[in-house]
Amino acid sequence: MLRNVFLSFIVLISVSTFVCAQKPKSGVPKKTAASAAISNAEKMGYARTNQYWGPGTYYSFAPGITHMKMVNNSESAMRDLTGISREDCLSELTKQGFSEVPSKEVQKWFDPNKSKDIKYFYAPDKSYILQPSFKELEKSAKPGFMPYAAVDMVRYILLPKEDSLKVLELAWQYLRDLNNMKLLLVSFGSTFKKANPKAYPIEQAGASGWSSMRAGSFLLRMADGKPSGVWDRNEDIVRRTIGKPDFDLLIMASETDFWYSMRVKLQKEGYVLVYEVKAVTLLTLEPGANWTDEHKQRTLAYNGGVTMDKQAIELYKKAPLPPVLEDMNQLLHIQ
């Protein structure tokens, strides 16, 4: 099922390529090579494979290979907590200054189901809540011992309803982090409770791939009794609609062995931001499937998505109503 979802993401990119509000006052400086000294995983010093996952086991491609190992940001820090044993993960959280959230302090905005078996942790500065998920690797279990690995990391942030500019700042920082990690932008989309997909100005943002993000969202509408097409920047759409009831922004990205997402939802408590990183090579496949074949297909799907994203530029140029592709530095507010 998960594999089908991933492949459907890649299809979204091909469909997007075929169909073819205010700015921050200050930009973000470009990062230099000096900022990439050592990865979070290397700082931790843990072996990323063992007798229960890695070559020779059922989870033969776990914990996964990153495309930009030396990039250090919030997403790579979460990624590097996956693919290690439960004991090593909990030990590392303690070393980094995380503290478990007492049960009486667990709140509905990050635990709506009041789960009794899930542990949450305060960040060292209490700026967010972290939820690690551990998976029992039954395919690698040995008599008398069931191995557990950290497979998923989720962090939660709550911001006041009045702080929409901060939400935008964090969303675009997330996009900059994804781009810095050379990840494939699977999708970017926003909506709200009574959004009209046919309205103009456009009310729903939508993109599949970095090239699609540069192009913006497209709407075919009637003007003076004639069909007319119009493009609009996704950022402008988000800035116009953020704050509306049930505002919902979802950003998804991937590399071959990891999936990433950020979701922003406007709830009664305020803006709830949910970031997630999943180590997909630690998943148990459907019966009959094996990781040797599965990883080949995931790699082909990812590489195909990257290729289609690049090819989209030429397709946009040949479109009947070609968009103006925004410069990436301008789009991401990088000086």
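Everything here concerns the structure above.
Rules and cut-offs
- Residues numbered from 1 in each chain as written.
- Predicted model: local features only at pLDDT ≥ 70, side-chain atom pairs only at ≥ 80, totals over all residues.
- Heavy atoms only, no water.
- Helix = DSSP H or I, 4+ residues; strand = E, 2+ residues; numbered from the N terminus.
- Buried < 20%, exposed > 50% of the residue type's maximum accessible area, 1.4 Å probe, protein only.
- Salt bridge = Lys/Arg side-chain N within 4 Å of Asp/Glu carboxyl O.
- Core = buried A, V, L, I, M, F, W, Y, C linked by side-chain atoms within 4.5 Å.
- Contact = heavy atoms within 4.5 Å.
- Arc of directions from axis to C-beta.
- Pairing = 2+ DSSP bridges.
- Axes fitted to C-alpha atoms, helices over the stretch in contact; angles between N-to-C directions.
- Phe/Tyr/Trp six-rings, centres within 6.5 Å; stacked < 30°, edge-to-face > 60°.
- Lys NZ or Arg CZ within 6 Å of the ring centre and 35° of its normal.

A. Quick look at the overall build of the protein. Check the secondary structure of the protein and you find nine helices and 11 strands. Counting the 335 residues in the protein, one finds 45% classified as buried.

B. Structural detail: the pattern of salt bridges. Under the counting rule described, the total for this entry stands at 12 salt bridges. Here Glu 294 makes a salt bridge to Arg 298, at a shortest N to O gap of 3.2 Å. One end of the pair, Glu 294, and the other, Arg 298, are both in helix α8 (residues 291-318), four residues apart, so they sit about a helical turn from each other. Assessed through its relative accessible area of 2%, Arg 298 is described here as buried.

C. Structural context of the nonpolar core. By size, the foremost hydrophobic cluster in this structure holds 69 residues, and its most contacted members are Phe 188 and Leu 273. Per-element accounting of this core gives the leading share, eight residues, to helix α5 (residues 164-180). Ignoring sequence-local partners within four residues, the contact set of Leu 273 consists of Arg 155, Tyr 156, Ile 157, Leu 159, Val 167, Leu 170, Met 262, Arg 263 and Val 264. Counting residues in each nonpolar core, the second largest holds nine residues, with Trp 109, Phe 110, Tyr 120 and Ile 129 among its members.

D. Expanded view of the environment of Ser 133. Of note, Ser 133 is situated in strand β3 (residues 129-136). Ser 133 sits in the partly exposed class, given a relative accessible area of 21%. Beyond its immediate chain neighbours, meaning those up to four positions away, Ser 133 contacts Ala 149, Ala 150, Val 151 and Asp 152.

E. Just unusual backbone geometry, in detail. For the bond from Ala 62 to Pro 63, the omega torsion is 5°, close enough to zero to count as cis. Relative to the helices and strands, Pro 63 is located in the loop between α2 (40-44) and α3 (74-79). Across the junction of Tyr 200 and Pro 201, the peptide omega takes the value 0°, indicating a cis bond. Tracing the backbone shows Pro 201 in the loop between β5 (184-191) and β6 (205-207). Unlike most non-glycine residues, Lys 182 shows phi in positive territory, near 60°. Mapped onto the fold, Lys 182 is located in the loop between α5 and β5.

F. Up close: helix α4 (residues 86-96). Here α4 has its buried residues at Cys 89, Glu 92 and Leu 93. The buried residues of α4 occupy an angular sector of 100° when projected down its axis, which confines them to one face. Every exposed residue of α4 that faces more than 90 degrees away from the buried side is listed here: Thr 94 and Lys 95. Where the residues of α4 are buried, they touch α2, β2 (121-122), β3 and β4 (148-159). Phi turns positive one or two residues past the end of α4, at Gly 97, with a value near 95°.

G. Representation of the sheet that holds strand β1 (residues 99-100). Taken in spatial order, the nine strands make up an open sheet running β1-β2-β3-β4-β11-β10-β9-β5-β6, and their pairing is antiparallel. Where the open sheet ends on each side, the last strands, each with one partner, are β1 and β6. Sheet analysis places strand β9 (residues 248-255) next to strand β10 (residues 258-267), joined by eight bridges and oriented antiparallel. Paired with Ala 253 across the strands is Tyr 260, a residue of β10. Seen against the sheet, helix α7 (residues 234-241) touches β5, β6 and β9 and runs at an angle of roughly 150° to β6. Relative to β5, α8 is tilted by about 70°, and along the sheet it contacts β5, β9 and β10.

H. Molecular detail of the packing of aromatic side chains. A complete count under the given rule lists 11 aromatic pairs for this structure. Look at Trp 109 and Phe 110: their rings are 4.9 Å apart centre to centre, the planes differ by 80°, and that puts the pair in the edge-to-face class. Per residue, the accessibility class of Trp 109 equals that of Phe 110, and both read buried. Measuring from centroid to centroid gives 6.1 Å for Phe 110 and Tyr 156, while their planes differ by 45°, and the two rings are tilted. Note that Phe 110 is positioned in the loop between β1 and β2 and Tyr 156 in strand β4, a separation of 46 residues in sequence. Relative accessible area serves as the criterion here: at 11%, Tyr 156 is assigned to the buried category. Aromatic ring contacts, followed pair by pair, group Trp 109, Phe 110, Tyr 120 and Tyr 156 into a single cluster. Residue placement shows Lys 139 over the ring face of Tyr 58; its charged tip is 5.6 Å from the ring centre.

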